[in-house]
Amino acid sequence: MTPQDQKKRKTAEAAIEYIKDARVIGVGTGSTVNHFIDCLIDFKIDIEGAVSSSEGTTQRLKEAGIPVLDLNDVDEIRVYIDGADEVDPHKQLIKGGGGALTREKIIADACRQFVCIVDESKMVETLGAFPLPIEVIPMSRSYVARQVMSRFGGQPEWRENFITDNGNQIIDIHNLDITDPIALEKAINDIPGVITVGLFAIKPADIILIASDDEIKVM
Ligand code: 5RP
């Protein structure tokens, strides 16, 4: 395991404490979450099931023998565990590097508690060094890119040869200086054709577990 992978595993292990009393959990997407799914097996966690944020996570959960539940059949997601691409001091996030941002945002909104698991490399003072993903209806891709560029700046890049689990496309906006994440999240979500922007600022994470070489910091 690389040193970064070791940190991902450590933050994933720390998240186990937060799901102890949960019957139903939400499970995000990405390499850090994959460690968390491994921990569910290693710690023999007994849950009723999990609501999954992507086809990739669904497959891994099924391989681990964990029932995957449809959000429509679930009254409450006690806790949602997911990673992030960037985290600021207000627990606001950029997500969607893996392209699962829309389902991730639905679960983050539906859950009682969102616990975000990251290694220290994800911590930033201001969001925006990581390209901001936007899931769009395919026919709106160029229009949305032009709108974003003219209104907010940045350089949009089409994530070519990538189709989301919802059958849509992604544009990544490079070089944005995100000084007001809540306003930007609202404004981008209002552009016709946008499904979701990967800013999690209106509803940030509740808890961030940050792994460094020698400790887990809880924020
Ligand atoms: C997927 C995501 C992931 O949470 C994010 O990309 C972090 O991934 P990783 O844990 O592999 O660094 O938002 O859409």
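Structural notes, computed from the coordinates. Sequence order sets the numbering: in each chain, residues are counted from 1 along the sequence as written. With pLDDT at 70 or above as the cut-off, local features in this predicted model cover only qualifying residues; side-chain atom pairs require 80 or more to be listed or tallied, and sums for whole chains, interfaces and linings still use all residues. Side-chain metrics in this entry use all non-hydrogen atoms of the structure; hydrogen atoms and water are not considered.

1. A word on the sheet that holds strand E14 (residues 216-218)
Part 1: Strand pairing requires that DSSP identify at least two bridges connecting the strands. Only DSSP runs of H or I reaching four residues or more are called helices, and only runs of E reaching two or more are called strands; each is numbered from the N terminus. Ordered by their spatial adjacency, 7 strands build an open sheet running E3-E2-E1-E4-E7-E13-E14, and the pairing between neighbours is mixed. Looking at the sheet topology across the chains shown, the edges are occupied by strand E3 (68-69) and E14.
Part 2: The sheet contact formed by strand E2 (residues 49-52) and E3 spans 2 bridges and is parallel. The residue of E3 that forms the bridge with Val 51 is Leu 69.
Part 3: The criterion used for residue contact is that any of the two residues' heavy atoms lie within 4.5 Å. Axis geometry follows a simple rule: fit a line to the C-alpha atoms, using only the stretch in contact for helices, then measure angles between N-to-C directions, giving values from 0 to 180 degrees. Contacts from helix H3 (residues 55-63) reach strand E1 (24-27), E2 and E3 within the one sheet, and its direction differs from that of E2 by about 165°.

2. Some remarks on the sheet that holds strand E8 (residues 132-136)
Part 1: Overall, antiparallel pairing links the 4 strands, which are arranged E9-E10-E8-E11 in an open sheet. Single-partner strands in this sheet number two, and they are strand E9 (155-158) and strand E11 (194-197). Geometrically, the sheet is characterised by an average inter-axis angle of 25° between neighbouring strands, direction not taken into account.
Part 2: Taken together, the 4 bridges between E9 and strand E10 (residues 169-174) define a ladder with antiparallel strand orientation. By the bridge assignment for E10, Glu 157 is matched with Asp 172.
Part 3: Across the sheet, helix H5 (residues 141-152) is in contact with E8, E9, E10 and E11; its angle to E10 comes to roughly 20°.
Part 4: Packing of helix H6 (residues 181-189) onto the sheet brings it into contact with E8 and E11, and relative to E11 it is tilted by some 165°.

3. Here we look at the environment of Gly 30
Part 1: With respect to the helices and strands, the residue Gly 30 is situated in the loop between E1 and helix H2 (31-42).
Part 2: Taking the C-alpha atoms as reference points, Gly 30 and Gly 96, separated by 66 residues in sequence, lie 9.3 Å from one another.

4. A closer look at unusual backbone geometry
Part 1: At Lys 91, a position not held by glycine, the phi torsion is positive, near 65°.
Part 2: Among the secondary structure elements, Lys 91 is positioned in the loop between strand E5 (86-87) and strand E6 (93-94).
Part 3: The backbone phi angle of Asn 175 is positive, close to 60°, even though this residue is not glycine.

5. Details of the side chain of Glu 86
Part 1: Considering the arrangement of structural elements, one finds Glu 86 in strand E5.
Part 2: Only protein chains enter the accessibility calculation, which uses a 1.4 Å probe. A residue is then buried if its area is under 20% of the maximum for its type, exposed if over 50%, and partly exposed in between. For the purpose of charge, His is not counted, nor are the chain termini; Lys and Arg are scored as positive and Asp and Glu as negative. Salt bridges, as used here, are contacts in which a Lys or Arg side-chain nitrogen is within 4 Å of a carboxyl oxygen on Asp or Glu. Put simply, Glu 86 is tucked away with no salt bridge, and the nearest opposite charge, on Lys 122, sits 10 Å away.
Part 3: Any pair of nitrogen or oxygen atoms within 3.5 Å is treated as a polar contact; in protein, a donor-acceptor pairing is required on top of that, and neighbouring residues in sequence qualify only through side-chain atoms on both sides. Of the polar contacts made by the side chain of Glu 86, one reaches the backbone nitrogen of Ala 129; its length is 3.2 Å.
Part 4: Glu 86 has contacts with Gln 92, Leu 93, Ile 94, Lys 122, Val 124, Thr 126, Leu 127, Gly 128, Ala 129 and Phe 130, leaving out every residue within four places of it along the chain.

6. Notes on a nonpolar patch on the surface
Part 1: Here a patch means residues that are over 30% exposed by relative accessible area and free of salt bridges, tied together within 9 Å if like-charged and within 5 Å if nonpolar (Val, Leu, Ile, Met, Phe, Trp, Tyr). All accessible-area figures derive from a Shrake-Rupley calculation using a 1.4 Å probe, and residue coverage is judged against the displayed protein chains alone. On the surface, Ile 137, Met 139 and Ile 195 cluster together into a nonpolar patch covering about 310 Å² of accessible area.
Part 2: For Ile 195, the position within the fold is in strand E11.

7. Let's talk about the site of the ligand
Part 1: Throughout, the term near means that a residue has one or more heavy atoms lying within 4 Å of the molecule or strand in question. Around the ligand lies a shell of 17 residues, among which Ser 31, Thr 32, Asp 85, Gly 96 and Lys 122 are the nearest.
Part 2: The contact in question runs from an oxygen atom of the ligand to an N or O atom on the backbone of Gly 99, over 3.4 Å.
Part 3: The side chain of Glu 104 places a nitrogen or oxygen atom 3.1 Å from an oxygen atom of the ligand.
Part 4: Burial of the ligand by the surrounding chains reaches 90%, relative to a free accessible area of 380 Å².
Part 5: Gly is put with the polar residues, along with every residue not named as nonpolar or charged; the nonpolar set is Ala, Val, Leu, Ile, Met, Phe, Trp, Tyr, Cys and Pro, and the charged set is Asp, Glu, Lys and Arg. Of the residues belonging to the shell around the ligand, the class tally is 2 nonpolar, 9 polar and 6 charged.

8. Points about H6
Part 1: Those residues of H6 that fall on the buried side of the exposure criterion are Pro 181, Leu 184, Glu 185, Ala 187 and Ile 188.
Part 2: Close packing links the buried residues of H6 with helix H4 (101-110), E8, H5, E11 and strand E12 (199-200).

9. Section: the pairing of E1
Part 1: Of the two faces of E1, the one holding Val 24 and Gly 26 and the one holding Ile 25 and Val 27 are both buried throughout.
Part 2: Summarising the sheet, E1 and E2 pair through 4 bridges and their orientation is parallel. Across the sheet, the residue bridging to Ile 25 is Ala 50, located in E2.
Part 3: When the strands point away from the viewer and the path from the first strand over the helix to the second turns clockwise, the crossover is right-handed. For the handedness criterion, the β-α-β arrangement of E1, H2 and E2 is classed as right-handed.
Part 4: Sheet topology note: the E1/strand E4 (residues 77-82) ladder contains 3 bridges and is parallel. The residue bridging Gly 26 from the neighbouring strand is Tyr 80, located in E4.

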